[in-house]
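# Observations on chain architecture
Here are the chains, one letter per residue:
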Amino acid sequence: MSDYRPVDAVTRVEIEQLVAEMLYRLDHNRADTTWELYTEDGVSVGPMGDMDREAMKAWGARRAQQTDIVGRHFIGGIRLVWDGDEVEGTVQYLTFRDTNEPQTQPASVGEFRERYRKVDGQWRFARREIVPVFGGNAAAAHAARLAGREGTAR
């Protein structure tokens, strides 16, 4: 592990605040603003498909209108290490949705594999990969519902 370079406490707090802000917006009908948390060349990859900022903006606008879907994200096991001028992160997550049966069973359990870059003094997502480890079918079905493709989970 000679390349293991953990971040300092200030950087950790700043990046954890970025991650928490992303999840708050997703969980509180503000998905239409999540694209703002990415760098200009930022991308999101996962069950919702591959999206650049413009695609995230369009997806977020549609998602923010779907106020009948209630979800909550819980995170932990945050690992942050320097990789050049950027920080690489792995964040373990649990996602619950009211559409899951039973509702107390996570819809998805996995990790966010992320790269963060500081732009104009603010940490932003340069890349965010959503990797369901358990419940991947539920995550894909949710993505299909949001995209209007009910029943076509991939």
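A brief report on the enclosed structure follows. (Residues numbered from 1 in each chain as written. Predicted model: local features only at pLDDT ≥ 70, side-chain atom pairs only at ≥ 80, totals over all residues. Heavy atoms only, no water.)

### Brief notes about the pattern of salt bridges
Counted by the stated rule, this structure contains 13 salt bridges. Measuring nitrogen to oxygen at the nearest pair gives 3.0 Å for the salt bridge that ties Asp83 to Arg115. Residue Asp83 is found in strand 3 (residues 71-83), and its partner Arg115 is found in strand 5 (residues 108-119); the two are separated by 32 residues along the sequence. For Asp83, a relative accessible area of 38% gives the class partly exposed. Of the residues examined, Arg115 reaches a relative accessible area of 21% and is grouped as partly exposed. Arg128 serves as the salt-bridge partner of Glu114, at 2.6 Å between the closest nitrogen and oxygen. Taken as a pair, Glu114 in strand 5 and Arg128 in strand 6 (residues 122-134) lie far apart in primary sequence, 14 residues in all. (Salt bridge = Lys/Arg side-chain N within 4 Å of Asp/Glu carboxyl O. Helix = DSSP H or I, 4+ residues; strand = E, 2+ residues; numbered from the N terminus. Buried < 20%, exposed > 50% of the residue type's maximum accessible area, 1.4 Å probe, protein only.)

### Describing the side chain of Thr39
Structurally, Thr39 is set in strand 1 (residues 38-45). Leaving out residues up to four positions away in the same chain, Thr39 has contacts with Arg53, Arg117, Val119, Arg124, Phe125 and Ala126. (Contact = heavy atoms within 4.5 Å.)

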